[in-house]
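Fold and contact review
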Amino acid sequence: MTDGDNHSIVKLDDIVKTYQMGEVTVEALRNVTLEILSGEYVSIMGPSGCGKSTMLNLLGCLDRPTSGRYFLGNEDVSTMDDDMLSAMRGRKLGFVFQSYNLIQQLTVIENIEVPLYYQGISESESRERAVYYAKRVGLGSRLNHKPTELSGGQQQRVAIARALANNPLVILADEPTGNLDSSSGKEILDIFDDLHNQGKTLITVTHDQEIAHHGTRVVRLRDGQLESDVRNQ
Amino acid sequence: MSEISNTIEEIKDTKSVRQHPGMAIMRFKRAFRLGVKSLWLHRLRSFLTMLGIVFGVCSVIAMLAIGEGASYEAQQQLKGLGSQNIIIQSVKPPEQQNSSTSSETSRVLEYGITYKDVKKIKATIPGVTVVVPGRIMREYVWNISRRVDCEVIATVPWYPQMRNHQVKRGRFFTDLELEDRSNVCVISPEMVQSLFPLSDPIGQSVRIGENYYRVIGVMTPQGSSKNAQLGGVGSDIANKLFIPITTARVRYGEILVKRRSGSFEAIRVELHEVTVKVDERDRVVPVSKVIQDIFEKNHDKEDYNIVVPLELINKAKRTKQIFNIVLGSIAGISLLVGGIGIMNIMLASVTERTREIGIRRALGARRQDIITQFLIETVILSGAGGIVGVVLGITIPYFVTVFANMATIVTLWAPIIAFSISAMVGIVFGIYPAIRAADMDPVEALRHE
């Protein structure tokens, strides 16, 4: 990708996130500052309990930091209300989950259409786009199947198509290959590589060294703090 | 890829897109389809949930229709008596009633309203406009060999107008005929069938005792004959024959002699019935009190009965009100139960679909969108239940009328009210589960198994 337009897409500024667990206050993230540029393929790694999930929830606008600021694109997310956060999720972010999180009652095509529905895109256009992305992830022949009729790898591809449907700024993936066998996992990583090559910004949270090797940058967390931040060559 | 990016740029500002009215309708249509779809996934459950509302709505409409029918019949009969009228009737005093039937005494029984009473009412009470005196006798009426047991009512020409009892064919007798003591009569439609099954009664003659009367008119039918709540005002005989009161005085004199089944009794009653018309509705009750006083002073026996149709109408209206309140409560309770059923199912459904809610929230659904989704489902349930209930509620009274022979009236507002209440129940009982769904933390919801 060209280096010329490497502007900042995600900017975390001194982020603190604490949880109240009964009497005890748990500090999940402590003063994390991080900047991710457009077109980067970042892997966030670390042992369990290091704050990866919290980080992902914050990055995904599913949660708000206790203190600190978070800019997504040019917008300050940390001060947004619930509706605005929903709008950010719907327009700027694409999620890929470990357990796919497809809606079981809906077909492949309908699942891909869900984020478009909440953006008020007309039926004909959203159908067109959903078909386009389903074909792009190689599911053109399974448009009217239910998720239960698909293999894990196929389901995850549906999820990727769904994440792409709104043409988001950032794709967030939470252990995208965690539930898959190695060959299906490879397929998914190939798609990610593909997206990266097209200039998409990808952030994955993972245990998997393999994914980390695919990416351009590895961020390690430990005890809620940034441990290391390495760019691959 | 690039043309898609362009289209995305075009719809970038989705807030403005959302506010577009045409878009809102489209979104609603899609949300509605989504609701129908997810209810259809659980057909049996949705159907059973709906039943609560169906029964609620249908019972409201059916019960109201039956109640309305019953009270309409009663009111119709009361209206026939005239709401501005006070009716005074002669009654056989109770102590003499026994002796006259059991003993063979030949003395003349004297009781009831006298002409003097009528004169007094006319002279002392202002605002009393018309007084209709009437005598009532039970007689057999003959047309050659056909015989009908009938109530002969001797009265004045303005009787039909006073009692809201219209002439259907021909005419009532005139003032002139009253003066002339003509032998004319007007008969009730029930008699036409039994006396003149094949020919037109008007112009023909009937025989009562030794006298012939020319039929000049036929009255309109007047309600059904079961009017126990009127205190026996209208009699239970449908066959009625009207003759001028002057004619009756000539033909019968003041003393009625009855020979029936071997017994013999002579009764002297000047007037059997007097109808007093009061000029204003508000004065009906006070005037009736005054009449009561007059009679109490002048009659030492309880040989009269004062009936105030207005009071009876009011009483009937009050009864209907109470009836409506009771029905309303029953309806309210059944709809409440139906609503609780809906809420129960929706709460279960929200829990069951926690994951789905989480996914939708992560993909950009606002709280509002989730509330809409669940609320639409409950409104569809209760609305569909309401429609089925209305249909059943309209058909059931029909069958009640056909099979139980009871009058029923489905008023326009009963289905409307029942249906709107059911729709409201959907909203009221749907809002809590919907808010529960919307308030779920997306992070927690996504983690839900």
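Since the model is a prediction, treat every value here as computed from it, not as a measurement.

All right, on to the overall build of chain B then. Within chain B, the regular secondary structure consists of 16 helices and 13 strands. The buried share of chain B, taken over its 449 residues, is 36%. Here the analysis covers contacts within chain B between residues at least 6 apart in sequence; of these, 82% occur between residues at least 24 apart.

On to the environment of His-207 of chain A, then. Secondary-structure assignment places His-207 of chain A in the loop between β8 (201-205) and α7 (209-214). The spatial distance from the C-alpha of His-207 of chain A to the C-alpha of Leu-164 of chain A is 24 Å, given a sequence separation of 43 residues.

Between chain B and chain A, the residue contacts involve 26 residues of the former and 24 residues of the latter. Of all the elements in the fold, those that place two or more residues in the side of chain B that touches chain A are α1 (2-10), α2 (14-19), α3 (21-41), α13 (354-362), α14 (367-404) and α16 (442-447) of chain B. Of the residues belonging to the side of chain B that touches chain A, the class tally is 13 nonpolar, four polar and nine charged.

All right, on to helix α15 (residues 413-438) of chain B then. Along its 26 residues, α15 of chain B runs 36 Å from first to last C-alpha, staying within 8% of the 38 Å computed at 1.5 Å per residue. If you look at α15 of chain B, its biggest bend is around 35°, right at Ile-431 of chain B, and the proline Pro-433 of chain B turns up within four residues after that.

In this structure, Ile-112, Ala-134, Ala-161 and Leu-172 of chain A together with Val-57 and Ile-61 of chain B are the most contacted members of the largest nonpolar core, which totals 114 residues. In terms of residue count, helix α4 (residues 43-81) of chain B provides more of this core than any other element does, 12 residues in total. Contacts of Val-57 of chain B, omitting those with residues within four sequence positions, involve Gly-385, Gly-386, Gly-389, Val-390, Gly-393, Ala-418, Phe-419 and Ser-422 of chain B. Residues Met-191, Val-269, Val-287 and Ala-316 of chain B belong to the second largest nonpolar core, which totals 53 residues.

Before going further, it helps to examine the environment of Glu-270 of chain B. For Glu-270 of chain B, the location among the structural elements is in the loop between β11 (263-268) and β12 (273-278). Placed 174 residues apart in sequence, Glu-270 of chain B and Glu-444 of chain B show a C-alpha to C-alpha distance of 94 Å.

Residues and elements named next belong to chain A. With respect to the element layout, Met-88 can be found in helix α2 (residues 82-92). For Met-88, a count of 20 C-beta atoms within 10 Å gives the class buried. Along the chain, Met-88 and Gly-60 lie 28 residues apart, while their C-alpha atoms are 8.8 Å from each other. Beyond its immediate sequence surroundings of up to four residues, Met-88 is in contact with Cys-61, Leu-72, Val-77, Met-80 and Leu-93.

A few words on the sheet that holds strand β7 (residues 170-174) of chain A. Residue and element names in this part refer to chain A. Reading across from one edge, β6-β7-β8-β3-β9-β10 is the order of the six strands in this open sheet, with mixed pairing throughout. Here the strands that pair on one side only, and so sit at the sheet edges, are β6 (93-96) and β10 (225-231). Pairwise comparison of adjacent strand axes, ignoring direction, gives a mean angle of 20° for this sheet. In terms of strand pairing, strand β3 (residues 41-45) meets β8 through four bridges, oriented parallel. Pairing of Ile-44 across the sheet is with Val-205, part of β8.

The next point concerns the sheet that holds strand β4 (residues 67-72) of chain A. All names here are of chain A. On the basis of which strands lie adjacent, the open sheet formed by four strands has the order β2-β1-β4-β5 and antiparallel pairing. The open sheet has two edge strands, β2 (24-37) and β5 (75-76), and neither has a second partner. As judged from the 10 bridges shared by strand β1 (residues 8-21) and β2, these two strands associate in the antiparallel manner. Looking at β2, one finds that Val-10 is bridged to Ile-36. Sheet strands touched by helix α1 (residues 52-59): β1, β2 and β4. Its angle to β1, the strand with the most contacts, is close to 125°.

Definitions and limits used
- Residues numbered from 1 in each chain as written.
- Chains lettered and ligands numbered in written order.
- Predicted model: local features only at pLDDT ≥ 70, side-chain atom pairs only at ≥ 80, totals over all residues.
- Helix = DSSP H or I, 4+ residues; strand = E, 2+ residues; numbered from the N terminus.
- Buried ≥ 20, exposed ≤ 12 C-beta atoms within 10 Å, placed from the backbone.
- Contact = placed C-beta atoms within 7 Å.
- Nonpolar A, V, L, I, M, F, W, Y, C, P; charged D, E, K, R; others polar.
- Expected span 1.5 Å × (residues − 1).
- Bend = angle between axes of the 7 residues up to and from the residue.
- Core = buried A, V, L, I, M, F, W, Y, C linked by C-beta atoms within 7 Å.
- Pairing = 2+ DSSP bridges.
- Axes fitted to C-alpha atoms, helices over the stretch in contact; angles between N-to-C directions.

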